[in-house]
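Notes for the structure review
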Amino acid sequence: MRYAFILLFIFTGTLANAQKIDADLLRIKQRMDSVQQFTANVILDLDVPFIKMPTKTAKIKYAKGKKMEFSSSDFVMLPRRGLDFSLNEIFKYPFITVDRGTETRHGKVLKVINVIPTDNRSDLALATLYMDTRAGRIAESEVNTRKNGTYNLLMQYAPGNSVLPTYVEATFAIERLKIPLNFMGKDTKIDRKKMRGMETKTGKIKMRFENYTIKIG
Amino acid sequence: MRSLLYAEMLKLVKQSKTYYALMAILVIELLIFITAYYQGSTILDLLLDNLKQSFYFEGTLLNGNLIMYIVLNSLWFNVPLILMIVTSGLVTDEYKDGTLQTVMLQAVKKWKFILSKYIMAVLFTVTIIALMMLSTFVMAYSIFGKGDLVVYINTLNFFKSTDAFHRICWAFASGTVAMVFYSVVSVTLAIFVKDSAKTWIAAALFLIITNLLLKVDLGVPALNNYFFPKLIDTWQQLFYFETNWLAIGINNAILIIYCLIFSTTGTYFFNKKDIG
């Protein structure tokens, strides 16, 4: 009798928790989880005020449950955030969602939800997800983390029912550079006022994905 | 003129001073190379430290191109003095050994004689820089391999490996013009000073003052842009993300004009004054 009561308690507790997670988000997550592995070529354009970098290309390889792998013949800088297509970062620890209604962005009606973690171990503080519920995809997100600042993601998809984005734009805050004096070339002036004003800047990385090979499980 | 040049070349090849200078340049190059390796990793750590929070890095930046860039930074200050000592010796040795009078007793025109000295100084400088360029390229690329170059000039500029290689080649070319300028100046100084030790001091002083003036704001835009100390490190402009090729060309052309002014002045005065 006592075991039956405990089981009932666990069942109702799980049910209550599940009810707090948005059904559309769960559907999107399920769809993302169906991707077992994929490879793609990524074309990267970095837009950071104090960094000048030509367009770069890299190859990315993802396998479910493994760390994403990158390879390139050039030196490439890939964002730490913004390539988590499977939403694992969000689903890593328990959370609740709050429905914020709908919003029209780029001509699309998107469902807006807040993701609030309920576990202190989560680095996530608050995430706002803009979901294209009709296509079953995340269109935009604003993620506030406890340790790694805030970043925004904008995703675009090829027409049709594709699961993975063809374009991702990640916007993030970036600290100014600390430059060793002996590495300064001609005309490099130290403008302290300007440097103080540059403590943190907004950076953007634009990623175009091409030649996807996706294995759906 | 051809026989004069041949004679000058023979003198350069035969004198032990030339080989001492070559050895000194090689030692300098090797030392710069070793320090560049250690400097390179420290620089990269500092440059990329706060970018590590936002990015994963794929590929290495501590490669032959970065080493070459650091070598270029050190080279243009350390090498001119040795070049100036050797090239001024082309004239001062003639005064010291008394061979100048002997030559002038022959049917040799004074201006042709001194012009051959200038030409030989230029050829010697170009040969030395070419040898240095070749040896550093071989060492840098065989040990560290190729790769993208990162440079900080107001912004953090990244260049693809092939682009970096071309820029470094052009930087050597532009640096060579600056080195030729120093050599021409040292020959001119030798004409005026005559004594070798005194010429070395004058050449060292000229080098130091030029390097000090490089960073000094002279107040007048024309001086800041076209006074010779300001043109010495034109090669750095090749590492701006958007390269102003016209400005680089103009700067080097003006530096060549300065070379012509110094050599014409030297030739004129040598031609005018008595040999004694």
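No experiment lies behind these values; they were computed from the predicted model shown. (Residues numbered from 1 in each chain as written. Chains lettered and ligands numbered in written order. Predicted model: local features only at pLDDT ≥ 70, side-chain atom pairs only at ≥ 80, totals over all residues. Heavy atoms only, no water.)

To continue, consider the interface of chain B and chain A. Contacts between the two partners involve 38 residues from chain B, matched on the other side by 37 residues from chain A. Of the roughly 3,600 Å² buried at the junction of chain B and chain A (both faces included), carbon and sulfur atoms supply 59%. Contact with chain A buries area across many residues of chain B, yet Phe 55, Tyr 56 and Glu 58 of chain B alone supply 22% of it, more than any other trio. Across the pair Lys 56 of chain A and Asp 148 of chain B runs a salt bridge, and its minimum N-O distance is 2.1 Å. Summed over the shared surface of chain B and chain A, the number is eight residue pairs in polar contact (both at pLDDT 80 or more). Judged from the four bridges that link them, strand β5 (residues 76-79) of chain A and strand β1 (residues 55-58) of chain B form a sheet pairing that is antiparallel. In the strand pairing of β1 of chain B, Val 76 of chain A is matched with Glu 58 of chain B. (Contact = heavy atoms within 4.5 Å. Buried area = accessible area lost by both parts, 1.4 Å probe. Salt bridge = Lys/Arg side-chain N within 4 Å of Asp/Glu carboxyl O. Polar contact = N/O pair within 3.5 Å; in protein donor to acceptor, adjacent residues only side chain to side chain. Pairing = 2+ DSSP bridges. Helix = DSSP H or I, 4+ residues; strand = E, 2+ residues; numbered from the N terminus.)

With that settled, consider the UniProt feature "transmembrane region" (unreviewed entry) in chain B. Mapped onto this structure's residue numbering, the UniProt feature "transmembrane region" (unreviewed entry) falls at residues 20-38, 66-86, 118-144, 164-193, 200-223 and 243-270 of chain B. End C-alpha atoms of residues 164-193 of chain B are separated by 42 Å, and the span's content is 100% helix alongside 0% strand. (UniProt positions renumbered as here; feature names shortened; annotations may be inferred.)

Okay, the packing of aromatic side chains next. Residue and element names in this part refer to chain B. All chains considered together, the criterion is met by 33 aromatic pairs over all chains. Look at Phe 137 and Tyr 141: their rings are 5.4 Å apart centre to centre, the planes differ by 15°, and that puts the pair in the stacked class. Of this pair, Phe 137 and Tyr 141 both sit in helix α5 (residues 110-144), four residues apart, roughly one helical turn. We classify Tyr 141 as buried; its relative accessible area is 15%. Judged by centre distance (6.1 Å) and plane angle (80°), the rings of Trp 235 and Phe 239 are edge-to-face. By relative accessible area, Trp 235 is classed as buried at 3%. Joined through ring pairs, the aromatic side chains of Phe 181, Tyr 182, Phe 206, Phe 227, Phe 228, Tyr 258 and Phe 262 make up one cluster. (Phe/Tyr/Trp six-rings, centres within 6.5 Å; stacked < 30°, edge-to-face > 60°. Buried < 20%, exposed > 50% of the residue type's maximum accessible area, 1.4 Å probe, protein only.)

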